[in-house]
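Architecture and fold: a report
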Amino acid sequence: MSEDFRFTLKATDGNARLGAITMPRGEIRTPAFMPVGTAGTVKAMYLDQVRDLGADIILGNTYHLMLRPGAERVARLGGLHSLIRWPHPILTDSGGFQVMSLAALREIDENNGVTFKSHIDGSVHHMSPERSIEIQGLLGSDIQMQLDECVRLPAERAEIEKSTEMSLAWAERCREAFGDQPGKAMFGIVQGGDIPDLRIRSARGLADLDLKGYAVGGLAVGEPQDVMLAMLETTLPELPAEKPRYLMGVGTPDDILKSVARGIDMFDCVMPTRAGRHGLAFTRRGKVNLRNARHAEDLRPLDEESDCPATRDYSRAYLHHLVRSNESLGGMLLTWNNLHYYQQLMQGIRKAIAEGRYDDFVAETQEGWARGDVAAI
């Protein structure tokens, strides 16, 4: 395994890219979906299960881990990999998304960064670009993200432009703070909202920094899918083709298919785990809501052809009962199903690109969703 961070582009089909990131803790096959382990755990799953489903990398959240158990404590305990028993790559986001989502609890100053009031106990915390990188280093993550500001859409141009320029300035400060860490990488984050010229300005500014990878942020934050895709079409040609491209916080299976077609290599999203905990299953026949009464006496599994035990071996009637009874096992089984589906989707995407039949794979997958779930009995 490589002692340094390296991205290899193995094949293309149109703009879809097949590749691999190699680094000391393992290889990440791309396109990749990263399960979200916000606070050091992929909710409702054992990490051994997550690995067995095909995940090469998981995501941790700098903001939440900063609050508890605390970055310095994690470092004293041997680092995040050791603490959670995941010896494979970990990407940590920077806390930038919480700058947006917890807007009522923070203040931003371009020079000094962000001051947060904890959503847990109201205690005050400060995060500058340098502190964000320091925290991620204490956690020991393999891929670290720059601190940025993510603006919820729709927004006025003046707000988006100010945020874009500040995020660019913070990227340079994060690069300086990160320095040269063999085997690890820092990614910049393209901002610019839904304004094409700001996206281009952000992408070009980050490309000039010659980082090891680039993320597209500030999308899937309230805008329609067609706007998100248009911003990808505007942004990606401005980023170095030889570096990995990560679309943050995306998304649905359909979002993933269409974003891969435009050249995205990496994804993360809470959707499969959150949906599982709320009774929603992703399957090759589309989404299935196990709360619906139609499943109450249906002894068939979600998908008899699946190789995932949660999908194949438990009846819809039992899953319906667990969900309606608010039993933890219901969320566990449906999260297992959903992460299996997402990883199988990524495996199918990679195979299709390698075979030069990505468009056919997309059409076949969408046709399966359109046919819908099996009829009730």
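Since the structure is predicted, the reported quantities are computational estimates derived from the model, not experimental observations. (Residues numbered from 1 in each chain as written. Predicted model: local features only at pLDDT ≥ 70, side-chain atom pairs only at ≥ 80, totals over all residues. Heavy atoms only, no water.)

Now for the overall build of the chain. Scanning the chain for helices and strands turns up 15 helices and 16 strands. For a compact globule of 377 residues, the expected C-alpha radius of gyration is about 21 Å, and the chain comes in at 21 Å, within 12% of that figure. Based on the C-alpha atoms only, the size of the chain along its principal axes is roughly 65 × 50 × 45 Å. Residue burial in the chain is summarised as follows: out of 377 residues, 55% are buried. Of the contacts formed within the chain by residues at least 6 apart in sequence, a portion of 65% connects residues at least 24 apart. (Helix = DSSP H or I, 4+ residues; strand = E, 2+ residues; numbered from the N terminus. Rg over C-alpha atoms; globule rule 2.2 N^0.38 Å. Buried < 20%, exposed > 50% of the residue type's maximum accessible area, 1.4 Å probe, protein only. Contact = heavy atoms within 4.5 Å.)

This next bit is on a nonpolar patch on the surface. On the surface, Y318, L329 and M332 cluster together into a nonpolar patch covering about 230 Å² of accessible area. Here Y318 lies in helix α13 (residues 316–324). For Y318, a relative accessible area of 33% corresponds to the partly exposed category. (Patch = residues over 30% accessible without salt bridge, like charges linked within 9 Å, V, L, I, M, F, W, Y side chains within 5 Å. Areas by Shrake-Rupley, 256 points an atom, 1.4 Å probe, with all protein chains shown as cover. Salt bridge = Lys/Arg side-chain N within 4 Å of Asp/Glu carboxyl O.)

Annotation from UniProt places "active site" (unreviewed entry) at D93 and D268. The annotated residues occupy 176 residues of the chain but converge on a single region, no pair of C-alpha atoms lying more than 10.4 Å apart. Mapped onto the elements of the fold, D93 is located in strand β6 (residues 90–93). Here D93 is in contact with L59, G60, N61, T62, Q136, M145 and M248, once residues within four sequence places are set aside. Residue D268 is classed as buried on the basis of its relative accessible area, which comes to 8%. Those residues within four positions of D268 in sequence are excluded, and the remaining contacts are F33, M34, V36, L59, Y246, L247, M248, G249, V250 and G251. (UniProt positions renumbered as here; feature names shortened; annotations may be inferred.)

What follows concerns the nonpolar core. Within soluble globular proteins, side chains that are nonpolar generally end up buried alongside one another. One finds V50, L247, F267, I349 and Y358 to be the most contacted residues of the largest nonpolar core, which totals 70 residues. The element that contributes the greatest number of residues to this core is helix α14 (residues 328–355), accounting for eight residues. Residue contributions to this core reach at least three from each of two domains, namely domain 1 (6–268) and domain 2 (276–371). (Core = buried A, V, L, I, M, F, W, Y, C linked by side-chain atoms within 4.5 Å. Domains from an automatic or database assignment.)

This brings us to the domain arrangement of the chain. A common way to state how big an interface is: give the accessible area lost once the parts meet. One can read the domain layout of the chain as domain 1 (6–268) and domain 2 (276–371). Computed over C-alpha atoms, the centres of domain 1 and domain 2 are 27 Å apart. Facing the 31 residues of domain 1 at the interface are 27 residues of domain 2. With both chains or domains summed, domain 1 and domain 2 bury close to 2300 Å², and 74% of this area falls on carbon and sulfur atoms. The largest per-residue losses of area from domain 1 upon contact with domain 2 belong to L53, P253 and L257, which jointly make up 29% of the total buried on that side. On inspection of domain 1 and its partner domain 2, the count reaches zero salt bridges. At the junction of domain 1 and domain 2, the tally comes to seven residue pairs in polar contact (both at pLDDT 80 or more). Where the side of domain 1 that touches domain 2 is concerned, the elements lending two or more residues are β1 (6–13), β2 (16–23), β3 (26–30), β4 (32–35), α1 (47–52) and α10 (253–260). With six residues, α10 is the single largest residue contributor to the side of domain 1 that touches domain 2. (Buried area = accessible area lost by both parts, 1.4 Å probe. Polar contact = N/O pair within 3.5 Å; in protein donor to acceptor, adjacent residues only side chain to side chain.)

Taken in spatial order, the three strands line up as β1-β2-β3 in an open sheet, and their pairing is antiparallel. The open sheet has two edge strands with one neighbour each: β1 and β3. Each strand of the sheet is rotated relative to its neighbour by a mean of 15°, with strand direction disregarded. Two strands pair when backbone bridges link them, and β1 and β2 are joined in this way by seven bridges, in the antiparallel orientation. When the bridges of β2 are listed, F7 appears paired with I21. Sitting on the sheet, α14 touches β1, β2 and β3, and the angle it makes with β2 is about 115°. (Pairing = 2+ DSSP bridges. Axes fitted to C-alpha atoms, helices over the stretch in contact; angles between N-to-C directions.)

Here we have three strands laid out as an open sheet, ordered β7-β8-β9, and antiparallel in their pairing. Unpaired on one side and paired on the other, β7 (106–109) and β9 (124–127) mark the two borders of the sheet. The average angle at which neighbouring strand axes cross in this sheet is 15°, direction not considered. Strands β8 (113–117) and β9 of the sheet are contacted by helix α6 (residues 129–139), whose axis makes an angle of about 95° with β9.

For the structure shown, the criterion picks out 26 salt bridges. Two residues, R201 and E161, come together in a salt bridge whose shortest N-O distance is 3.3 Å. Here R201 is found in helix α8 (residues 196–207), whereas its partner E161 is found in helix α7 (residues 157–178), with 40 residues between them in sequence. Residue class for E161 comes out partly exposed when judged on its relative accessible area of 26%. Each of the salt bridges in this network shares a partner with another, and the network as a whole consists of R157, E161, E165, D197 and R201.

Note on placement: T365 falls in helix α15 (residues 358–371). In this structure, T365 is in contact with L257, Y341 and L345, ignoring residues within four places of it in sequence.

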